[in-house]
Amino acid sequence: ANRQEYPARAGYAAASVFYSREPVMKSQAAAICFVFSVFAFIPGSQAATTATDRFSIMANGENVGHVVATRSGQTVDIDFAISNNGRGPKHIEHVVLGPNGIPVKWTIEGNSLMGGVVHEHEEWNGGVQSWESQADRGEVRTASPQFYVGVDASPWILGLYAKALLKAPGHTINVLPRGSLKLDFIHPVTVGSGKDAVTVDAYFLTGIDLDPEILLLDKRGDLFAELSGGEGSFMMREGHEKDYRQFLALSTELTQERLKDLQTRVAHRYDTPIRIRNVHVFDPATLKMSGLMSVVVFHGHVTTVEPESPDTPAPAGEVVIDGQGGSLVAGLHDMHSHNSMSSGPLNLAGGVTTVRDMGNNNTALLELVKQTDAGEIPGPHIIYSGFLEGRSPYSARDGFILESLEDGLRDVHWYADRGYIQIKIYNSMNPAWVPALSAEARKVGLRTVGHVPAFATPDQMIEAGYNEITHINQLMLGWMLQPGEDTRTPLRLTAMARAADLDLDSDKVRHTIDLMKSHDVGLDTTTSIVELLMMSRAGKIPANSAAYLEHMPVGYLRYHERSYVHFKDAAEEERYAKAFDKVIDTMALLRKEGIRMWPGTDAAIGFTLHRELELYVKAGFSPAEALRIASYDCDAYLKRDQQYGSIARGKVADFFLVPGDPTQDIGQLHHIRMVLKDGVIYYPNEIYQAYGIAPFASPPPLTPARPEPTSPPTTVPHSGFSQDGED
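Residues numbered from 1 in each chain as written. Predicted model: local features only at pLDDT ≥ 70, side-chain atom pairs only at ≥ 80, totals over all residues. Heavy atoms only, no water.

A. Focus on the overall build of the chain. Scanning the chain for helices and strands turns up 18 helices and 34 strands. The C-alpha atoms of the chain give 29 Å as radius of gyration, which agrees with the globular expectation for 727 residues (27 Å, within 12%). The dimensions of the chain, computed from C-alpha atoms along their principal axes, are 105 × 70 × 50 Å. By the burial criterion, 57% of the 727 residues in the chain qualify as buried. Within the chain, counting contacts between residues at least 6 apart in sequence, those at least 24 apart form 62% of the total. In the chain, which carries 65 positive and 89 negative side-chain charges, the distance between the mean positions of the two groups comes to 4 Å. (Helix = DSSP H or I, 4+ residues; strand = E, 2+ residues; numbered from the N terminus. Rg over C-alpha atoms; globule rule 2.2 N^0.38 Å. Buried < 20%, exposed > 50% of the residue type's maximum accessible area, 1.4 Å probe, protein only. Contact = heavy atoms within 4.5 Å. Lys, Arg positive; Asp, Glu negative; His and termini not counted. Charge placed at Lys NZ, Arg CZ, Asp CG, Glu CD.)

B. Geometry of the packing of helix 15 (residues 570-592) against helix 16 (residues 606-618). Relative orientation of the contacting elements helix 15 and helix 16 amounts to 75°, with a least axis distance of 9 Å. For the element pair helix 15 / helix 16, the angle class is roughly perpendicular. Taking contact as the criterion, the partners of Phe580, Ile584 and Met587 in helix 15 are, on helix 16, Leu615, Tyr616 and Lys618. Considered class by class, the residues forming the contact of helix 15 with helix 16 number 5 nonpolar, no polar and 1 charged. (Axes fitted to C-alpha atoms, helices over the stretch in contact; angles between N-to-C directions. Parallel < 35°, antiparallel > 145°, perpendicular 65-115°, else oblique. Nonpolar A, V, L, I, M, F, W, Y, C, P; charged D, E, K, R; others polar.)

C. Fine view of the packing of helix 7 (residues 405-417) against helix 8 (residues 434-443). The interhelical angle for the contact between helix 7 and helix 8, taken along N-to-C directions, is 20°, at an axis separation of 9 Å. When the interaxial angle is binned, helix 7 and helix 8 end up roughly parallel. The two elements helix 7 and helix 8 meet at a crossing, and its hand is right-handed. Mapping the contact onto sequence places Leu405, Gly408, Leu409, Val412 and His413 in helix 7 and Ala436, Leu437, Glu440 and Ala441 in helix 8. Within the contact of helix 7 with helix 8, the residues separate by chemical class into 6 nonpolar, 2 polar and 1 charged. (Left-handed = near helix turned anticlockwise from the far one by under 90°.)

D. Representation of the pairing of strand 22 (residues 332-337). Most of strand 22 is tucked away: 6 of the 6 residues are buried. Pairing analysis gives 4 bridges linking strand 22 to strand 23 (residues 352-357), with the strands arranged parallel. Counted as the bridge partner of Leu332 is Val352 from strand 23. For the segment spanning strand 22, helix 5 (residues 343-349) and strand 23, crossover handedness is right-handed. (Pairing = 2+ DSSP bridges. Right-handed = clockwise from strand over helix to strand, strands pointing away.)

E. Expanded view of empty space enclosed by the protein. One pass over the full model with this rule turns up 3 cavities of 30 Å³ or more. Space inside the second largest cavity adds up to approximately 40 Å³. Lining the second largest cavity, in full, are Ala330, Gly331, His333, Thr353, Thr354, Asp635, Tyr644, Gly645 and Asp654. Taken together, the residues that form the lining of the second largest cavity break down as 2 nonpolar, 5 polar and 2 charged. (1 Å grid on protein atoms, 1.4 Å probe; cavity = no way out; pocket = protein on both sides within 12 Å on 5 of 7 lines; lining within 4 Å. Points joined across faces, edges and corners; volume = space filled by probe spheres on them.)

F. Quick peek at the pairing of strand 11 (residues 180-191). For strand 10 (residues 172-176) and strand 11, the ladder comprises 3 bridges, and the chain directions are antiparallel. Considered in strand 11, the bridge of Ile173 is made with Leu181. The turn linking strand 10 back onto strand 11 is made up of 3 residues, and Gly179 within it adopts a positive phi angle of 95°. Where strand 11 folds back onto strand 12 (residues 198-206) in an antiparallel hairpin, the turn is made up of 6 residues, including Gly192, whose phi is positive at roughly 85°.

G. Region of the structure containing the environment of Lys167. Structurally, Lys167 is set in helix 3 (residues 156-167). Along the sequence, Lys167 and Ile469 sit 302 residues apart, while their C-alpha atoms lie 53 Å from each other.

H. Looking closely at unusual backbone geometry. Put simply, Leu176 and Pro177 share a cis peptide bond, and its omega is 5°. Within the fold, Pro177 resides in the loop between strand 10 and strand 11. Although it is not a glycine, Gln324 adopts a positive phi angle of roughly 55°. Within the secondary structure, Gln324 is located in the loop between strand 20 (319-322) and strand 21 (327-330). The class of Gln324 is partly exposed, set by a relative accessible area of 44%.

I. Structural detail: the side chain of His91. Here His91 is to be found in strand 4 (residues 90-97). Of note is the side chain of His91, whose polar atom sits 3.2 Å from the backbone oxygen of Asn111. When neighbours within four sequence positions are excluded, His91 is seen to be in contact with Ile78, Asp79, Phe80, Ile108, Glu109, Gly110, Asn111, Ser112, Val118 and Asp152. (Polar contact = N/O pair within 3.5 Å; in protein donor to acceptor, adjacent residues only side chain to side chain.)

J. Focus on the environment of Ile423. Along the chain, Ile423 falls in strand 26 (residues 422-425). In this structure Ile423 comes out as buried when scored by relative accessible area, which is 0%. For the pair Ile423 and Pro307, spaced 116 residues apart in sequence, the C-alpha separation works out to 44 Å.

K. Representation of the nonpolar core in the model. Ile423, Leu437, Met476, Met552 and Ile693 are the most contacted members of the largest nonpolar core, which totals 122 residues. Apart from residues lying up to four places away in sequence, Met476 is in contact with Met496, Ala499, Leu502, Lys582, Val583 and Thr586. Grouped together as the second largest cluster of nonpolar side chains are 40 residues, Val67, Ala69, Val118 and Leu215 included. (Core = buried A, V, L, I, M, F, W, Y, C linked by side-chain atoms within 4.5 Å.)

L. How the structure looks around helix 17 (residues 623-637). Look at helix 17: 20 Å from first C-alpha to last across 15 residues, which is about the 21 Å you get at 1.5 Å a residue. At Ile629, helix 17 shows its strongest bend, of approximately 40°. Burial analysis of helix 17 places 11 of its 15 residues in the buried class, which makes it a mostly covered element. Of all the positions in helix 17, only Pro623, Ala624, Glu625, Ala626, Leu627, Ile629, Ala630, Ser631, Cys634, Asp635 and Tyr637 are classed as buried. Once helix 17 finishes, Lys639 follows within two positions and takes phi at roughly 60°, a positive value. (Expected span 1.5 Å × (residues − 1). Bend = angle between axes of the 7 residues up to and from the residue.)

M. Representation of the pattern of salt bridges. Evaluation of the coordinates by the stated rule reveals 37 salt bridges. We note a salt bridge from Glu308 to Arg277, for which the minimum N-O separation is 2.8 Å. In this pair, Glu308 sits in the loop between strand 19 (301-307) and strand 20 while Arg277 sits in strand 16 (residues 274-283), placing the two residues 31 residues apart along the sequence. In this structure, Glu308 and Arg277 share a single accessibility class: buried. (Salt bridge = Lys/Arg side-chain N within 4 Å of Asp/Glu carboxyl O.)

N. Here's a closer look at helix 7. Between its terminal C-alpha atoms helix 7 stretches 19 Å, which fits the 18 Å expected from 13 residues at 1.5 Å a residue. Along helix 7, the residues that are buried comprise Leu405, Gly408, Asp411, Val412 and Tyr415. The arc enclosing the buried residues of helix 7, seen along the axis, measures out at 110°, which places them on a common side. Opposite its buried face, helix 7 presents the exposed residues Glu406, Arg410 and Asp417, each directed more than 90 degrees away. As for helix 7, its buried residues are in contact with helix 6 (362-373), strand 24 (381-390), strand 25 (400-402), strand 26 and helix 8. (Arc of directions from axis to C-beta.)

O. Representation of the packing of aromatic side chains within the structure. The final tally for this structure, using the stated rule, is 20 aromatic pairs. Measuring from centroid to centroid gives 5.5 Å for Phe607 and Tyr688, while their planes differ by 20°, and the two rings are stacked. Pair noted here: Phe607 is in helix 16 and Tyr688 is in helix 18 (residues 684-690), with a separation of 81 residues, a long-range link. The same class applies to Phe607 and to Tyr688, which are both buried. Between Tyr688 and Phe696, the aromatic rings sit 5.4 Å apart at their centres with planes inclined by 70°, giving edge-to-face as the arrangement. Across the pair, Phe696 and Tyr688 agree in class, each one buried. An aromatic cluster of at least three residues, connected via ring pairs, comprises Tyr384, Phe400, Trp414, Tyr415 and Tyr420. The cationic tip of Arg447 hangs over the ring face of Tyr637; the distance from NZ or CZ to the ring centre is 4.0 Å. Over the face of the ring belonging to Tyr644 we find Arg640, whose NZ or CZ atom lies 3.9 Å from the ring centre. (Phe/Tyr/Trp six-rings, centres within 6.5 Å; stacked < 30°, edge-to-face > 60°. Lys NZ or Arg CZ within 6 Å of the ring centre and 35° of its normal.)

Everything listed here is a matter of coordinates, which is why it stays silent on function.
Here it is in structure tokens:
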């Protein structure tokens, strides 16, 4: 008999005998029942009943993937796949559990987000636990197996960690390769309604990545849902897809609670003037740093910028911060961001006080803007773009997915009515609809930007009304693709290897540049993310992340020590390296031709914008020019330069402090000591500690305000500044 079926069959036969009328046989049957019941539940036995957990992965209300975990005895086989935006991880995992529920063998085979090969193995055997992944390999001697944090683990594994953490002292366990995990109970929640209502417990699981995982566990402690996915992408038990909006609201509520608490701890507000002494101030008009100055901020605005008088004590009634000879620079802009509540604090810590959101869940984004504008959660100013995608098997699940041109024309007005500044066209859009969409956008005062839709060219989109092309690879692919090649797939990355042979003096390149100049079309570069995808190599810290990666939590660190694409051999790796050199050459050519470029990251943390500006310097911009582009020039382009973009009397107090001179060394951006946004002070080290990041710099010294000799007035006088920043 099949071993998995044998205990059940034998138990059934024994039970039949047990209920017979023969007294002698009853005792024997009872013994058989007992023996086979024990055999069926012995840890490691293959005889246990097979059980399957099925989960759906949803994004923006649509099903984009699945997790199917089949457990037989102590083995679990997991099928994990996501297909969203023409890409997504696809893995098969095989897990063998020890008696304590910790994997003693674990393999992960498949492909990562952008198609990189995944071959990960972890095993405990005879007192030695070893692992090998794209990121690293290692082993430790341990008398019993320990939990290992997989680089490419499926979300199902989070439930395994949670089960163990529920039983662990302090709900904390140490993990390999390093670090620890902690489970914190939040409160019970009810999912669904009526007869389908289920009460589950919500938890934060911390220690893997920057953000805590939000887990919902049922009353047995089994995983019910995971609500930590970016941009509203969640995993839930099959059958609860209809509850997606409830999951979205719950994720928003729990994250808001966490970040509101963080805001109370990291946002430092003062009712008195704040005098920042002993600092140099960057002037974007001259591209120079000033001599030593004092800068005073009151009620969110810069009120005084004056030469420093080191022998003169600060006036009474002012908080005094000693800049210790450092430099103040107006807040940076990330012109290509996809924001979440959790990305806000990290952008602020990186000196990024304004972001341009380039596509999001519309409901979540507008709620995020409301929360940050009110100062309830920490985050930069958000300028938002209306995402328009076409319907196809490769659609990205953001914004609106169009079924017809009429839908798109209606959606343009929806975005205009809610204060969006532009529409963004995406990969699956029908190119024939773009002229009408861009004309409608122009009619209501919106710009048109975006990817180059599949089977179209940058030249065609410029003629159709684009004001900007999004991503430098989207521009360059127009010079390298063959007719019929489909950029809705990872080809929009892998085809960039062809740039190694690209002739930048060719007629194709010249024609596109002439079109960009005649139509005043700019480029949202995001060169840093292109570098990450093209230049990452397994087991190595990429240059893109070298300045900060070792400060990060173990899960984030290891996930980025990998190849994002599959290299068949060393020659192909070298080809990608030469191709990326051509990307930098393209930036240099666009600079020479006077094409406006806007720094963006396609990421959610301020570190990556620092790298973006380093790449601008590599392409021939001076550090001062890169700073001006990322501050004043962006605000002028966004028509905000009357209030933002430089440190001057009457302007909003959005700026940051670094210890040295960033006009000489753009790398100073990695050591920001203090950030002001709307006059509120944030110290990056406090934010980083909340995310498990090792700080990069200490805050400057602060002296509380000395009492004024006379009583202050009973009412606060008007600041004297109008909305446009003028006296």
